[in-house]
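# Structural description and commentary
So the chains spell out like this:
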Amino acid sequence: MTSEAWREKYLIFGAPDLGREEYEEVVACLDSRWMGTGPRTARLERDFRDYIGAAATVALNSCTAALQLSLQVLGIPPGSEVITSTMTFCATANAIIHAGSVPVLVDCERDSMNIDIAAVERAITPRTRAIVPVHFAGRPCDMKALMALAKKHDLFVVEDCAHAIESTIDGQHCGTFGDVGCFSFYATKNMTTVEGGMVTCRSQELADRVAILGLHGMSKDARKRYSDDGFVHYDVAQPGYKCNMTDLAASLGIHQLARVEKNLQRRQQLWDYYLRELADLPLILPAPPAPGTRHALHLFTCLVDDSRTSVTRDQLLRKLHLLKIGCGVHYRAVHVLDYYRRTYPHAGPFPHADFISERTFSIPLSPAVTDEDAADVVRALRLSLA
Ligand SMILES: *Cc1c(COP(=O)(O)O)cnc(C)c1O
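These remarks concern the structure in this document. (Residues numbered from 1 in each chain as written. Predicted model: local features only at pLDDT ≥ 70, side-chain atom pairs only at ≥ 80, totals over all residues. Heavy atoms only, no water.)

## Considering the sheet that holds strand E13 (residues 360-363)
Two strands in a sheet stick together by hydrogen bonds in their backbones, pointing the same way (parallel) or opposite ways (antiparallel). Read across the open sheet, the 3 strands follow the order E10-E12-E13; overall the sheet is antiparallel. The open sheet has two edge strands, strand E10 (283-284) and E13, and neither has a second partner. In this structure, E10 lies alongside strand E12 (residues 300-304), joined through 2 bridges in antiparallel fashion. Bridging across to E12, Ile284 finds its partner in Leu303. The sheet strands contacting helix H10 (residues 313-322) are E12 and E13, and the helix crosses E13 at an angle near 25°. (Pairing = 2+ DSSP bridges. Helix = DSSP H or I, 4+ residues; strand = E, 2+ residues; numbered from the N terminus. Contact = heavy atoms within 4.5 Å. Axes fitted to C-alpha atoms, helices over the stretch in contact; angles between N-to-C directions.)

## Let's talk about the pattern of salt bridges
Evaluation of the coordinates by the stated rule reveals 22 salt bridges. Asp373 is the salt-bridge partner of Arg7, the closest N and O atoms lying 2.9 Å from each other. Of this pair, Arg7 sits in the segment before helix H1 (20-32) while Asp373 sits in helix H13 (residues 371-385), placing them 366 residues apart in sequence. Residue classification places Arg7 among the buried residues on the basis of a relative accessible area of 12%. In this structure, Asp371 engages Arg266 in a salt bridge whose closest nitrogen and oxygen atoms are separated by 3.0 Å. With Asp371 in helix H13 and Arg266 in helix H9 (residues 260-277), this residue pair connects regions lying 105 residues apart in the sequence. Judged by relative accessible area, which is 17%, Arg266 ranks as buried. Linked through salt bridges whose partners overlap, the residues forming this network are Arg7, Asp373, Asp376 and Arg379. (Salt bridge = Lys/Arg side-chain N within 4 Å of Asp/Glu carboxyl O. Buried < 20%, exposed > 50% of the residue type's maximum accessible area, 1.4 Å probe, protein only.)

## Looking at the packing of aromatic side chains
By the definition in use, this model includes 9 aromatic pairs. For the pair Phe89 and Tyr331, a centre-to-centre distance of 5.8 Å together with 35° between the ring planes defines the contact as tilted. Here Tyr331 lies in the loop between H10 and helix H11 (338-343) and Phe89 lies in the loop between strand E2 (81-85) and helix H4 (90-98), a separation of 242 residues in the sequence. According to the relative accessible area criterion, Phe89 is partly exposed, its value standing at 42%. Overall, the relative accessible area of 9% leaves Tyr331 in the buried class. Here the aromatic cluster, defined as three or more aromatic residues joined through ring pairs, consists of Trp271, Tyr273, Tyr274 and Phe300. The ring of Tyr23 has Arg20 sitting right over it, with the charged end atom 4.9 Å from the ring centre. Above the face of the Phe355 ring, Arg359 is positioned so that its terminal group lies 3.7 Å from the ring centre. (Phe/Tyr/Trp six-rings, centres within 6.5 Å; stacked < 30°, edge-to-face > 60°. Lys NZ or Arg CZ within 6 Å of the ring centre and 35° of its normal.)

Shape descriptors only; they carry no functional weight alone.
Set out below in structure tokens:
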């Protein structure tokens, strides 16, 4: 089946698009000898704030840190319950635990793969303090309904925007509906700083608290202690963490952000191509975006339709790997992972997340994917599902 004409290079899932600007900025940053948190990080914070239309931003070294610090600065008492979708990356639930709360997992919707808001409502108890919706694959959650529910029950909302940099609802960016939005700049995300993240906050005051907790708990003014104004002693009001972004990382981010809309257009072309070319295969393809929303097109997730093929998802992944097509699985639901299964054996049921979890796989969608690459993905799927 692997004819001689088959591709030579492995198609890496989620390969980033890197331009000359990134290379030059990284070198300029090194030449400046200011590699840690400094002017380039500050610029990325400003650029990102303006792009999202947020009140305030803080750059961090990951979205995982963003989630944990956000929950902590909101002042949620230890042992509180925080509701999130089981159809997410483990980091969402892990961060809730590290923030001192109990993750309460709820099912997702079958088509949107986003958190089921009726299930959220059923999961609310007197101990619930926050909801962490995940804009899955870049498809916005129904924030109007979710914020109404949060308001009714006086709950904080921390949006997991790891997939959702470009996502909007009626023109308003995801990450500005709740109290906080948490974005990821991990290597495979819609923009990257290799590792990195950003918090968007509803107030500068909240952002300051995130910045302080993310840098040793040092008082804010003291964080400028090596500035041109001379040495300033710092004070520590609480034991903080070490989650600041470096200027070396921000060097990439500044130019990644500048191309984020152009890259979305490229992914839209690939998205439309895949929808067209895969329509007749035994796959359940992504649902069309909801009216008034913009999907960030982070993941093209397909479900193997086992009513139409005997090839299982894992068999398919093995075949695609042999055909040099790198795929991802987003996700095996959190509740099936060992720790969560052991710790919360009575959680559930999660019929939709289970359905997705067993069948889902994501095909390469990064702007680095060429037309030829995309044609190879389609050919490989045809061969593998035959
Ligand atoms: C990638 C991801 C995270 C974690 O992001 P990091 O920047 O790698 O910490 C959190 N939530 C979701 C849904 C993600 O996809």
